[in-house]
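In case you want the letters, here they are:
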Amino acid sequence: KVLLIIFASLLSFTSANAVEFTVGLSGVNSVFAAEGTENNYNESGASPILTKEYGAFSPSFAEVFLETGNETVSIGLAYAESFSTPTNVNEAGCCASGAGITSSVNVAFEGYTTLYALVRAPWGLYGKLGWSTVDVKINETQKSGNTYNDTDTQGVVLGFGWQKSSDNGIGIRAEVTGHQFEDVSADNNVATSGNRNEISVSDMMGLSGRISILKTF
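First things first, this report covers the structure right here in the doc. Here the structure is a predicted model, which means the values were calculated and not measured.

As for the side chain of N106
Alright, step 1. Position of N106 relative to the elements: it lies in strand 6 (residues 101-120).
Alright, step 2. What makes N106 buried here is its relative accessible area of 15%.
Alright, step 3. Sequence-distant contacts of N106, defined by excluding residues within four places in its chain, comprise S84, T85, P86, T87, K137, I138 and N139.

See below:
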């Protein structure tokens, strides 16, 4: 909601100063990586087992965007509905049939929204700087029935690209952006004396390649 308020204010400013509107659709291929830490407490609440791993995943997703500005600077708002990690399955290892499965989990990133400024340079080149927010939905099936709280995160987007437009306002873009996100944490909603699990994710960053088609009015 905060991003939408800021964008609406900027939209009013640019409208008063003369300008163009651009709408577009992007196909995005990304790589995101982070360090995950899990603390598993025993039933006495003492001596948690610490597990720390570094992992990455490579989602592809669609994104829509709206921009307003002039030939030098534009303000934009981009939105992607969702993308997710692969599902991780833990098995007890007792049965070839899969009866030993204890839990499965994946993380969905929903409502990925970016407010950004785009500054144009000669030869169709441009730079991009923005701020993004996303809801983090933890989808887990546990034998214990415990669940993890959903959360959200935000961070900086920085990139550059190239645009080619025709006289009728239809254009294409090729773009590379880097992402950095704030740390997040969650737990399984039980006391430390009840097999509590705590997870945290830090050093989250990513790199995206984006091909876009657009129309400027």
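Next comes the rest of the description.
Considerations on the nonpolar core
Alright, step 1. The biggest cluster of nonpolar side chains holds 15 residues, and the ones touching the most others in it are F83, F109 and Y112.
Alright, step 2. Where this core is concerned, the elements lending two or more residues are strand 1 (20-40), strand 4 (73-84), strand 6 and strand 7 (125-142).
Alright, step 3. When residues in this core are grouped by element, the largest group, three residues, is from strand 1.
Alright, step 4. Judged by nonpolar contacts, the second largest core, of six residues, contains F65, A78, L118 and Y126.

So, the pattern of salt bridges
Alright, step 1. Counted under the stated rule, the structure contains four salt bridges.
Alright, step 2. A salt bridge links R173 to E67, with the shortest nitrogen-to-oxygen separation between them at 2.8 Å. Residue R173 is located in strand 9 (residues 170-181), and its partner E67 is located in strand 3 (residues 60-69); the two are separated by 106 residues in the primary sequence. Across this residue pair, the class does not change: R173 and E67 are buried.
Alright, step 3. For R210, the salt bridge goes to E175, with nearest N and O atoms at 3.1 Å. With R210 in strand 11 (residues 197-216) and E175 in strand 9, this pair connects stretches of sequence that are 35 residues apart. There is no split in this pair, since R210 and E175 are both buried.

About the cut-offs
Residues numbered from 1 in each chain as written. Predicted model: local features only at pLDDT ≥ 70, side-chain atom pairs only at ≥ 80, totals over all residues. Heavy atoms only, no water. Helix = DSSP H or I, 4+ residues; strand = E, 2+ residues; numbered from the N terminus. Buried < 20%, exposed > 50% of the residue type's maximum accessible area, 1.4 Å probe, protein only. Contact = heavy atoms within 4.5 Å. Core = buried A, V, L, I, M, F, W, Y, C linked by side-chain atoms within 4.5 Å. Salt bridge = Lys/Arg side-chain N within 4 Å of Asp/Glu carboxyl O.

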